[in-house]
Amino acid sequence: MAGFVGVVLTVVLSVCVLVEGNYMVYDTAQGVVPGKLNVHLVPHTHDDVGWLKTVDQYYVGSNNSIQVACVQNVLDSLIPALLADKNRKFIYVEQAFFQRWWRRQSEATKKTVQILVSTGQLELINGGMCMHDEAATHYIDMIDQTTLGHRYIKQQFNVTPRIGWQIDPFGHSAVQAYLLGAEVGFDALFFARIDYQDRAKRRDEKKLEFIWQGSKTQGSSSQIFSGAFYAGNYEPPTGFYYEVNDESSPVVQDDINLFDYNVQERVDAFVAAALSQANVTRSNHIMWTMGTDFKYQYAETWFRNMDKLIHYVNQDGRVNVLYSTPSIYTDTKHALNEAWPLKSDDFFPYADRINAYWTGYFTSRPAIKGYVRTMSGYYLAARQLELFKGRNKSGPTTESLADALAIAQHHDAVTGTEKQHVANDYAKRLSIGYKESEDVVAAAFGCMTQSSSFSECKDPPTKFTQCPLLNISYCPATEVDISQGKKLAVLVYNSLGWKRTSVVRIPVINENVTVSDSTGKVILSQIIPIVNASIANKKFYATAYTGESTSAGPMYWLAFTAEVPPLGFSTYVISSGKASASIKPRSYTFGGAQNSSAVEIGSGNLKLIYSGNNGTLTQYINSRSSVNMSLEQSYTYYAGEAAGTDQASGAYVFRPNGTSEVQPEEKFPLRVFKGPLYDEVHQMINSWIYQITRVYKEKEHVEVEFTVGPIPIDDEVGKEIVTQIKSNIGNNKTFYTDSNGRDFLERIRDYRADWDLEVNQPIAGNYYPINLGIYIKDNNTELSVLVDRSVGGSSITDGEVEIMLHRRLLYDDGRGVDESLNETVCVLDKCSGLTVQGKYYLRFDPLGEGSKWRRSFGQEIYSPFLLAFTEQDDKWTNFAIPTFSAMDSSYSLPDNVAILTLQELEDGTVLLRLAHLYEDGEDKDLSVMATVELKKVFPNKKINKIKEMSLSANQEREEMVRKRLSWKVEGSKTKQDNDLRGGPVNPVKLTVELAPMEIRTFIIDFNTKLVQY
């Protein structure tokens, strides 16, 4: 405020305070005082849902040799501390812990807590199951885990969280601001970690608080008031930390009959700290975060000292201090009616000091990242099937997978920044959740293939099995001998809202097989031998997974093209017979001869050319789009900086110390398989990198399957493995990466829009998180690379895209985990470094045409076909229902719309989320308003009632919009721009409009008397 001069005082004037040594009643009732500096004390605890200990160890307080922390103690001691003084306040965040505690409370305690919540003494903020990460998470997972927490809070307390509280994630995304902020109804978003250079500039300019507009497309409706904490952490100022038995801060000793009386000293220190913070904060209101990790084990020690501070500082009179919450603080800031600076884009990458970019965790623990993404797509499909069959309230259900996935979004889970035993715990939970959901899916398929009235089906006669280790060719269901008259039925489910045609690959033991569709027609297929490298991986990792040695197993990949309707399945039958095409490899050995013929692969529009001299990839040619580009691809590793320097490379931090191209130990031949469905090239890059490149006849992208590991560390050097895709595109330092799989943001090498970047790490400082893809472009052409999991990547050199695939490091980076990122797998008596298998996909397009592939194929990567198998005898003819679609047979969703959620809720209603996939102006054809016809999406159901909800489905959208605070932005017009959004649902036609980048959430009440499907 212009007239508030107290914040610029540098000399603190003391007012003497003496206190009697008698019983004291502390005055804690003070509210905001106009004209004074108001210090809002926000008591809180930050409880990691796993990090150094597992989530359950943290809750019950076990394994304290690692860390003394017990969340149960926090919540147990908190309630009586709040009841002791009605003015005390507290905020709690992590629902994974709160729900564990809540389930074990008596009805009397629950009623007490409900009163504390309703009066605002206890505020549940953020409200997700965890404080999710913002770099390595996909937006669908972020929505799901937030919804899980928000709906529980609504059911138990009838409140909706108002504040985003992302205080510990290591950088902050645009999607978090507008999607998990504005679209869930939050009025503000607070966090701690932004780049140290950015923080310094914002402090100098008093811009630590601002309006963040995370979406270009959604304009001012995506704006949210945001604050980055003053000190870059979420702790109290130095000297005001009051955990029981802690000696880092002096308590307020106000009994004059005892030694060490220090009231005036503590008051002076408080005022000095408050004025220091006020000097870099707009207005006369500042927030003190009174707490940190797992604190308030004995809550009274904190509240006792804060009671005294409030009492004596207010008696002193120089500043005003009060118990507060982020909601109170936000309302106070809003009441000032001031204009705030505007922020767009995001807060990546994050460095907490020079040479310390937290960009390594974008890739850390790539196997966990891949597992989370696989389970996420599976969960989406399993919920659909659970709805189609009918939710079984007695189980099995998809709930355990929902809970495991929610916890895995935590900022020390999917990030890979947890201890190894904690990573194991996350994987175990996902596996348990998968097994139960697998039963849901199998039961649904068993019923859906037998009768059109499958909602009444209880115990289907056909038992379907699935293969979670299909990626390493381990699938017992397909390893059956069908030469004796048996048949193998394959059900292919498509969870997308449009018809899909893709090649399916399954391992088999015999090459003499044929594939028939549901009409009995034999369809084209091809057989390719499984190479020795894959067989070795299969044996090792299948044994690790099952706990027992596996047989030699299948010797061939059987491939065929599946055509599957939207939200539906098709069935295929594998039987004995002469294969359509049994492919034998052709090997090319290169000796450097100048006149050797080039190797061409691809029988459709797309062709790749490999050099006849050395076998390297040289050219990409698309005859349909007339794209002809030079193309190279190689592997490189960065040596991780060791301990003893100013910063080691570790789980969080990427600190390269030199670059080395991966060189083969010997000359390996190029092995080429050419078939009627696809061609593939096998390359043994060296003894620990194997690559298969596929070009499908009916597709126009390249699929690269990599197997990396075990990364050698015999030379005592940690290594960070990247693949580099090089072209002649002149992208002029500019590239584009996605924000949590949603919007694409422009990145410029060695540049930040908000400050003049001092470049000290030209590689690590230009790395960004990638969940969907990265692309570069010039005036003519685009190169896009899409990924199957969270990775880090960049364009370090013009024309080049690089993504980091795997990391194995030997030193801790000093950020608290106290463990090197050296993942190993032990089977029986053999231990070796982790091997990671994954895929990425690349494609060139004429300028402006790449978004169609990025968006549509990106959905296919996230939601792959779900395969299930059942063995039949020679008398079997076909399923009663061999094909199925939940939609009207004449209908599919528009090409620019996806179903994010289709789920039966506990009360029998259905949660539906629809998302527009394109940004405004992203594509000339598809960045337009889309319309979805609900009558055709649900042709066999009658919609009785449909309510549009907030993104997290805890309040009606109309109410959310009405309640949300609107903020002024510096330099903007008084009237905010009109953001394009779909109109109300047409009550007669039941049509839903979606504008670009819009996500709409509905709860639908069906007439359950009608046949379900």
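The structure displayed is predicted, hence computed values, not measured ones.

Caption draft 1: Highlighting the overall build of the protein chain. For the protein chain, the helix and strand inventory stands at 17 helices and 51 strands. Across the 1013 residues of the protein chain, 64% fall into the buried class. In the form shown here, the protein chain has an accessible surface area of approximately 37,000 Å², with 49% of it arising from carbon and sulfur atoms. Positive and negative side-chain charges in the protein chain, numbering 101 and 120 respectively, have mean positions lying 5 Å apart.

Caption draft 2: Structural detail: the sheet that holds strand β9 (residues 320–323). Pairing within the open sheet is parallel, and its three strands lie in the order β8-β1-β9. Lying at the two open borders of the sheet, with one neighbouring strand each, are β8 (285–290) and β9. On average, each strand axis in the sheet is inclined to that of its neighbour by 25°, with strand direction left out of account. Alignment of strand β1 (residues 38–43) against β8, held across six bridges, turns out to be parallel.

Caption draft 3: Summary view of helix α8 (residues 263–278). Relative to the 22 Å expected for 16 residues at 1.5 Å per residue, α8 spans 22 Å between its end C-alpha atoms, a close match to the ideal helical length. Turning to α8, its buried residues are V263, Q264, R266, V267, D268, F270, V271, A274, L275, Q277 and A278. Buried positions along α8 lie against β1, β8, α9 (299–316) and β9.

Caption draft 4: Structural detail: the pairing of strand β32 (residues 719–726). Taken across its eight residues, β32 has seven buried, putting it largely inside the fold. Where strand β26 (residues 632–640) lies against β32, eight bridges are found, and the strand directions are antiparallel. Note that in β32 the partner of E632 across the bridge is K726. Direction of pairing for β32 relative to strand β39 (residues 800–808): antiparallel, over a ladder of eight bridges. Bridging across to β39, E720 finds its partner in R807.

Caption draft 5: Spatial organisation of the pattern of salt bridges. Tallying each qualifying case throughout the model produces 55 salt bridges. The salt bridge partner of E300 is R88, with a shortest N-O separation of 3.0 Å. Highlighted residues: E300 in helix α9 and R88 in the loop between α2 (71–83) and β2 (90–92), separated in sequence by 212 residues. No difference in accessibility class separates E300 from R88, as the two residues are buried. R843 is the partner of E700 in a salt bridge, and the nearest nitrogen-oxygen pair spans 3.9 Å.

Caption draft 6: Looking closely at the sheet that holds strand β15 (residues 500–508). Read across the open sheet, the three strands follow the order β15-β19-β18; overall the sheet is antiparallel. Looking at which strands have only one partner, the edges of the open sheet turn out to be β15 and β18 (525–529). The average undirected angle you get between the axes of adjacent strands in this sheet is 25°. Relative to strand β19 (residues 556–564), β18 runs antiparallel, the two being bridged by five bridges. Note that in β19 the partner of P529 across the bridge is Y556.

Caption draft 7: Representation of the side chain of R815 in the model. As for its position among the elements, R815 is in the loop between β39 and β40 (824–827). Classification of R815 as buried rests on a relative accessible area of 12%. Side-chain polar atoms of R815 contact the side chain of Q647, separated by 2.8 Å. A polar side-chain atom of R815 sits 2.8 Å from the main-chain carbonyl oxygen of D813.

Caption draft 8: Seen up close, the environment of Y23. Mapped onto the elements of the fold, Y23 is located in the segment before β1. Note on Y23: relative accessible area 75%, which makes it exposed. It is 9.4 Å that separates the C-alpha atoms of Y23 and D255, two residues lying 232 residues apart in sequence.

Caption draft 9: Structural view of the confidence of the model for the protein chain. Averaged over every residue, the pLDDT of the protein chain is 92; the share at 70 or more is 95%. Scored below 50 in pLDDT, residues 1–18 shows 34 contacts in the model against residues more than four places distant or in partner chains.

Caption draft 10: Inspection of the pairing of strand β6 (residues 209–213) at higher detail. Most of β6 sits out of view: five of its five residues are buried. As paired strands, β6 and strand β7 (residues 223–228) are joined by five bridges and run antiparallel to one another. Looking across to β7, one finds that Q213 is bridged to Q223. Pairing of β6 with strand β11 (residues 342–343) involves two bridges; the strand directions are parallel. Counterpart to I211 in the pairing with β11 is L342.

Caption draft 11: Spatial organisation of unusual backbone geometry. Of the consecutive residues F348 and P349, the connecting peptide bond is found in the cis state with omega at -10°. Relative to the helices and strands, P349 resides in the loop between β11 and β12 (351–353). A cis geometry characterises the amide bond from G395 onward to P396, with omega recorded as 0°. Relative to the assigned elements, P396 resides in the loop between α11 (366–389) and α12 (399–408). Even without glycine at this site, D260 takes up a positive phi of about 65°. Residue D260 is classed as exposed on the basis of its relative accessible area of 67%. Positive phi, normally seen in glycine, also occurs at Y296, with a value near 75°. Within the secondary structure, Y296 sits in the loop between β8 and α9.

About the criteria used
Residues numbered from 1 in each chain as written. Predicted model: local features only at pLDDT ≥ 70, side-chain atom pairs only at ≥ 80, totals over all residues. Heavy atoms only, no water. Helix = DSSP H or I, 4+ residues; strand = E, 2+ residues; numbered from the N terminus. Buried < 20%, exposed > 50% of the residue type's maximum accessible area, 1.4 Å probe, protein only. Areas by Shrake-Rupley, 256 points an atom, 1.4 Å probe, with all protein chains shown as cover. Lys, Arg positive; Asp, Glu negative; His and termini not counted. Charge placed at Lys NZ, Arg CZ, Asp CG, Glu CD. Pairing = 2+ DSSP bridges. Axes fitted to C-alpha atoms, helices over the stretch in contact; angles between N-to-C directions. Expected span 1.5 Å × (residues − 1). Contact = heavy atoms within 4.5 Å. Salt bridge = Lys/Arg side-chain N within 4 Å of Asp/Glu carboxyl O. Polar contact = N/O pair within 3.5 Å; in protein donor to acceptor, adjacent residues only side chain to side chain. pLDDT = per-residue confidence, 0-100.

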